[in-house]
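Given next are the chains, with one letter for each unit.
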Amino acid sequence: MRELVVEADGGSRGNPGPAGYGAVVLDPATGETLAETAEFIGVATNNVAEYKGLIAGLRAARELDPDAVVRVRMDSKLVVEQMSGRWKIKHPGMRPLAAEAASVLPSSRVAYEWIPRERNKHADRLANEAMDAGRRGRQWEPSRSTADLAGDTGAARVVGDAAAGAARARAALASAAAASSDTSAAAPATASVPASAAPAAASGTGWGASADLGAPTTFVLLRHGETALTPQKRFSGSGGGDPELSGAGRRQSEAAAAALAARGTVQAVVSSPLRRCRETAGTVAARLGLHVEVDEGLRETDFGAWEGLTFAEVRERHPQDLDAWLASAKAAPTGGGESFAAVARRVAAARDRLLAAHQGRTVLLVTHVTPIKTLARLALGAPPEALFRMELSAASLSALAYYADGNASLRLLNDTSHLR
């Protein structure tokens, strides 16, 4: 089922006074503007204008997809709380407007979220454009709007896609691919054949071979916060102890939670079963109002006898095993640990399982260095040795998007801006 985001606002210059509303429908995965609407409504109050904006936004979403699930974001606490059923509608003039809004789509498919005004700039700009047009004795015209250009629709809004308008880019690339005689369709991903994509600019296939692939499934990848072993760079997998977050790790988790809450796109949280990940995921999920699902496939590599040792200590104690491990993905650490090949099979199976369960959604996966690097490697179609050429800091964010045609796109890697 398709998901859409509606952001709406309304204003009155005088309260009551000349009033107008604005609403925008967004793709939750790419941040792309799908529809805009605005109108000057004459003399009215702020609350009436805000409700009018909500109704218009819901209708615009219904026109795009009458079966969609819609997440409404508004900076009007009154409208959000009343439509969520937490506040009574005492003013008799608001009740018909609330009833009209509730009738646009089934209540089971609409969720409401309050956002601060600075995160509702796009709809606010539309509302002001409508009021400006009314002052000139005209109605708002989409062709004259600058709200999409001025609004904050880029990476700060959507962690899963750093480029606003990605769907338009996919369509353009798909058209170019269709015109190219040597372009072939990508194979679908399976547990043994990972979803991968060649660079879009080079081959024309990296964004998919269809002009309308629908919303991708986006995995936002969060490495857990620091433990006592992290600063010492010791092997810490799933075959040794199960350390908790350190004080620094807990602070990192809080920072990640705040950043993800501000971006507001995560719809589900899935964690590795290891304690450091469950603690990190719990912090984020509590901030987002979500529960944590645990998937065994997201656990870290079992490093066998190397658990708790530094790289130098392994070099000193097990030099031949270490050389073999560095040379081949099929080699396992000393003492019966997991090879990178075995980890890749496990992670690919978890990926496919989660893609099937969360199609078209944005999901936060809280996991470890090797699973995150493996997901990135598989998406890029890179060789196993690429694992040694990626850096992943504690509590860093990465992101991958998976499309309906089987292609994948690496959107973000090792972002630590929220920790600064």
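Just so you know, these numbers come straight off a predicted model, no measurement behind them.

**Student:** Lay out the overall build of the chain with the relevant residues and their values.
**Tutor:** Assigned secondary structure in the chain consists of 13 helices and 11 strands. For the chain, the proportion of its 420 residues judged to be buried stands at 53%. Considering only intrachain contacts with a sequence separation of at least 6, the fraction spanning at least 24 residues in the chain is 72%. Taken as a whole, the chain presents about 17900 Å² of accessible surface, with 52% of it coming from carbon and sulfur.

**Student:** Tell me about the pattern of salt bridges, and please be specific about residues and values.
**Tutor:** Per the stated rule, a full pass over the model turns up 20 salt bridges. When the shortest N-O distance is used, the salt bridge between Arg138 and Glu141 registers 2.7 Å. The exposure class assigned to Glu141 is partly exposed, which follows from its relative accessible area of 28%. The partner of Asp415 in a salt bridge is Arg263, and the shortest N-O contact between them spans 3.7 Å. A residue pair is termed long-range when its members are at least 10 positions apart, and Asp415 in strand 11 (residues 408–415) and Arg263 in helix 8 (residues 247–263) qualify at 152 residues. As far as burial versus exposure is concerned, Asp415 and Arg263 are alike and both buried. In this structure, a network of salt bridges that share partners links the residues Glu7, Arg73 and Glu113.

**Student:** For the packing of helix 12 (residues 340–357) against helix 13 (residues 369–380), give the residues involved together with the corresponding values.
**Tutor:** One way to put it is that helix 12 packs onto helix 13 with a least axis distance of 10 Å and a crossing angle of 75°. In this view, helix 12 runs roughly perpendicular relative to helix 13, as classed from their interaxial angle. On the side of helix 12, the interface is formed by Phe340, Val343, Ala344, Val347, Ala348 and Arg351, while helix 13 contributes Thr370, Pro371, Thr374, Leu375, Arg377 and Leu378. Taken together, the residues of the contact of helix 12 with helix 13 break down into 8 nonpolar, 2 polar and 2 charged.

**Student:** I'd like a description of the sheet that holds strand 9 (residues 362–367), backed by residues and values.
**Tutor:** With mixed pairing, the 6 strands of this open sheet are ordered in space as 8-7-9-6-10-11. Both outer strands of the open sheet, strand 8 (292–294) and strand 11, are each paired with one neighbouring strand and no more. Ignoring strand direction, the axes of neighbouring strands in this sheet form an average angle of 20°. Bridging between strand 6 (residues 217–223) and strand 10 (residues 397–402) involves 6 bridges; their strand directions are antiparallel. Within the sheet, the bridge partner assigned to Val220 lies in strand 10 and is Ala399. The strands touched by helix 12 within the sheet are strand 6, strand 7 (268–271), strand 8, strand 9 and strand 10, with strand 6 carrying the most contacts at an inclination of about 130°.

**Student:** Mind laying out helix 13, listing which residues take part and the relevant values?
**Tutor:** The end-to-end C-alpha distance of helix 13 is 17 Å, a good match for the 16 Å that 12 residues give at a rise of 1.5 Å each. Along helix 13, 10 of the 12 residues are buried, which leaves the element largely enclosed by surrounding structure. Taken together, the buried positions of helix 13 are occupied by Thr370, Pro371, Ile372, Lys373, Thr374, Leu375, Ala376, Arg377, Leu378 and Ala379. Buried-residue contacts for helix 13 involve strand 6, helix 12, strand 9, strand 10 and strand 11.

**Student:** Please give an account of the pairing of strand 3 (residues 33–44) that cites residues and values.
**Tutor:** Of the strand pairs in this sheet, strand 2 (residues 17–26) and strand 3 are connected by 10 bridges, and their pairing is antiparallel. Among the inter-strand pairings, Val24 is bridged to a residue of strand 3, identified as Glu36. Hairpin connection between strand 2 and strand 3: a loop of 6 residues separates the two successive antiparallel strands, and Gly31 in this loop has a positive phi of roughly 80°.

Cut-offs applied
Residues numbered from 1 in each chain as written. Predicted model: local features only at pLDDT ≥ 70, side-chain atom pairs only at ≥ 80, totals over all residues. Heavy atoms only, no water. Helix = DSSP H or I, 4+ residues; strand = E, 2+ residues; numbered from the N terminus. Buried < 20%, exposed > 50% of the residue type's maximum accessible area, 1.4 Å probe, protein only. Contact = heavy atoms within 4.5 Å. Areas by Shrake-Rupley, 256 points an atom, 1.4 Å probe, with all protein chains shown as cover. Salt bridge = Lys/Arg side-chain N within 4 Å of Asp/Glu carboxyl O. Axes fitted to C-alpha atoms, helices over the stretch in contact; angles between N-to-C directions. Parallel < 35°, antiparallel > 145°, perpendicular 65-115°, else oblique. Nonpolar A, V, L, I, M, F, W, Y, C, P; charged D, E, K, R; others polar. Pairing = 2+ DSSP bridges. Expected span 1.5 Å × (residues − 1).

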